[in-house]
Amino acid sequence: MKILLAERDELERKGMKWLLLTNQVPIDDLKEASNEEECIALLSEWKPDIFVMELEMFQPHQRESLFRMVRSLKIQTVMHTSHKTFQAGEHAVKVKAEAMFVKPYAADEWLKALKQIIRDNRNIHRNEGKGLLYHGWAYDLLFRRMINETFINEQIQFWGYDQVPSIVAVLALDQQNKKEYEPISLIQSIHDELQEYRPFVLSVDEQIVLLVSEEYLPKGNNPIHTLWQILLVFCERMKERNHLTFSAGIGNQYDSPKLIYKSYFEARQALLRRFYFGGNQVFPSMTKNLCNQYEHFLSPTESDELMRYLREGSRDQIKNWFYQVFGGFPYEDGSYPHSDFVRTKLTNVLAHFKRYLAEKQFLFQHDQEYQEVFNEVLYGEVLYDIIQKILQFCFLIFDRVEKENVQHGSLLINKAVHYIDQYYNQPITLENVSGIVGRSSQYFSSLFKQQMGCTFTDYLQSKKIEKAKEYFKTTSMSVSEVAQAVGYLDPNYFSRVFKMVTGNSPRAWKTKNCAETLK
């Protein structure tokens, strides 16, 4: 069945193609036209079986000749129009359209009409039925356990094949190529690359499924191993020629069509190992089942450790924590947890990150980066890459916290220094000043030394002694009077501190530096 989609809007064309491809519509080939010239050329040269046309694509004076061509070629037509008018209905009658839809139309009704047209047109010759892009009966093999083998065999022969498929492989584009995913052309490319092995090529859930018969594989080796080698070469070739990287999973071999669904399930399970080993690889069926004994959430110990490392800003410790908690796969018995279980646990980790962000309001500006990491956890294909993205985000947060601490710390220390400079002659203590700036004495003491290069006590002493020097230079006050003026009640203690700081006693320092004052 050949279908031509004539629609100016690219998104609508893509939407129609997706509906046809993913809803068991038997297609041999599909082409599209975005303008009237391209459409008319395809109609006359390619001669499709079904023509889906946008009425407004064609100028009014061209429509009559277009309708005559369609009628003469006996092409079944589905008309789209943006205007629900009598004239549009008249045009549909003239072209003998099977259906007319006024935009916006219901996708399920549109699909239902297309399927009905195809069913009505299935009295075609057998040789015209060898489709490459879809084999409707194959979905029954994949998803229905109770099937009629006689019917399946008849369908296989109708589509021009002699052997029932016995092995299923599942191909998936790796993440960096998903934006380039064009289902119909991609399926056609895969079929062309592997045509000597005569696979059935289907699209299922954004993956490509191959149904392969061992009879079409090279003889001599185990069919599973042979198919594994074939797909390895295929993946490498697609990467070199088309810059597309695939990963593939292969199921076990089954002789009965009733068991093909098992091979499909095994192939999908095998492909899950991409999560642990990375893309552009081919994975045979696992000898061990997926491990279901996996704790989906962090243990209390793991939770406490994570929050502590976040608050401490310890890069090495948090990196080691991630490798410890999310490493060690496969297990000693060769099994793996399902990737969805690991993703669930990673979302639990991000919940702890959210809790940490909430503790520091200035980190809310990184909410966009957090959402990007969350999406990576949900949809990222490889565990190692996901962990690296989380660590990058974590280190970004640490950098931001450190920068904020420096800036905020400077403000706190400036406030503290201003207070000391103003009240140096009062009986102030570390606890007094840390309380004024609103921090614990331990935190304030550490921050003060980091910012000022000396301890709180050293700075206070230095401030007192500098003021004492000023008094000696500018006044005739005695040592006892100066000691009291700068906050020392004991003149002897003041003298010892003064000598420790300056290297001279107060009297000796005055003799050397304040000769004019002494006169």
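Residues numbered from 1 in each chain as written. Predicted model: local features only at pLDDT ≥ 70, side-chain atom pairs only at ≥ 80, totals over all residues. Heavy atoms only, no water.

**Re the confidence of the model for the chain**
- Confidence in the prediction for the chain averages 83 pLDDT; 88% of positions are at 70 or higher.
- Per-element confidence in the chain is highest for strand E10 (residues 282-283), whose mean pLDDT is 94, and lowest for helix H23 (residues 515-518), whose mean pLDDT is 51.
- The model gives residues 123-134 a pLDDT under 50, and that stretch makes 33 contacts with residues more than four places away or in other chains. (pLDDT = per-residue confidence, 0-100. Helix = DSSP H or I, 4+ residues; strand = E, 2+ residues; numbered from the N terminus. Contact = heavy atoms within 4.5 Å.)

**Description of the nonpolar core**
- One finds Ile3, Trp110, Ile190, Leu210, Leu231 and Phe246 to be the most contacted residues of the largest nonpolar core, which totals 47 residues.
- Examining the composition of this core, we find that seven residues originate from one element, helix H9 (residues 223-242), more than from any other.
- Here Ile3 is in contact with Leu20, Ile27, Asp29, Leu30, Lys31, Trp46, Pro48, Ile50, Val52 and Ile118, once residues within four sequence places are set aside.
- Leu290, Ile318, Phe341 and Val401 belong to the second-largest nonpolar core, a separate cluster that totals 38 residues. (Core = buried A, V, L, I, M, F, W, Y, C linked by side-chain atoms within 4.5 Å. Buried < 20%, exposed > 50% of the residue type's maximum accessible area, 1.4 Å probe, protein only.)

**Concerning the packing of helix H12 (residues 300-312) against helix H14 (residues 339-359)**
- Where H12 contacts H14, the two axes come as close as 10 Å, and the packing angle between them is 40°. Of the possible angle classes, the one that applies to H12 and H14 is oblique. H12 and H14 meet at a crossing whose hand is right-handed. Note on element contacts: H14 touches H12 through Lys345, Val349, His352, Phe353, Arg355, Tyr356 and Glu359, opposite Glu302, Ser303, Leu306, Met307, Leu310 and Arg311.
- Classifying every residue of the contact of H12 with H14 by side-chain character gives six nonpolar, two polar and five charged. (Axes fitted to C-alpha atoms, helices over the stretch in contact; angles between N-to-C directions. Parallel < 35°, antiparallel > 145°, perpendicular 65-115°, else oblique. Left-handed = near helix turned anticlockwise from the far one by under 90°. Nonpolar A, V, L, I, M, F, W, Y, C, P; charged D, E, K, R; others polar.)

**A word on the packing of aromatic side chains**
- The full count for this structure, using the stated rule, is 27 aromatic pairs.
- Seen from their ring centres, Phe275 and Tyr276 are 5.1 Å apart, and the 85° between their planes marks the pair as edge-to-face.
- The structure contains a cluster of three or more aromatic residues connected by ring pairs, namely Phe275, Tyr276, Phe277, Tyr294, Phe329, Tyr331 and Tyr336.
- Sitting over the face of the ring of Tyr216, Arg198 holds its NZ or CZ atom 5.1 Å from the ring centroid. (Phe/Tyr/Trp six-rings, centres within 6.5 Å; stacked < 30°, edge-to-face > 60°. Lys NZ or Arg CZ within 6 Å of the ring centre and 35° of its normal.)

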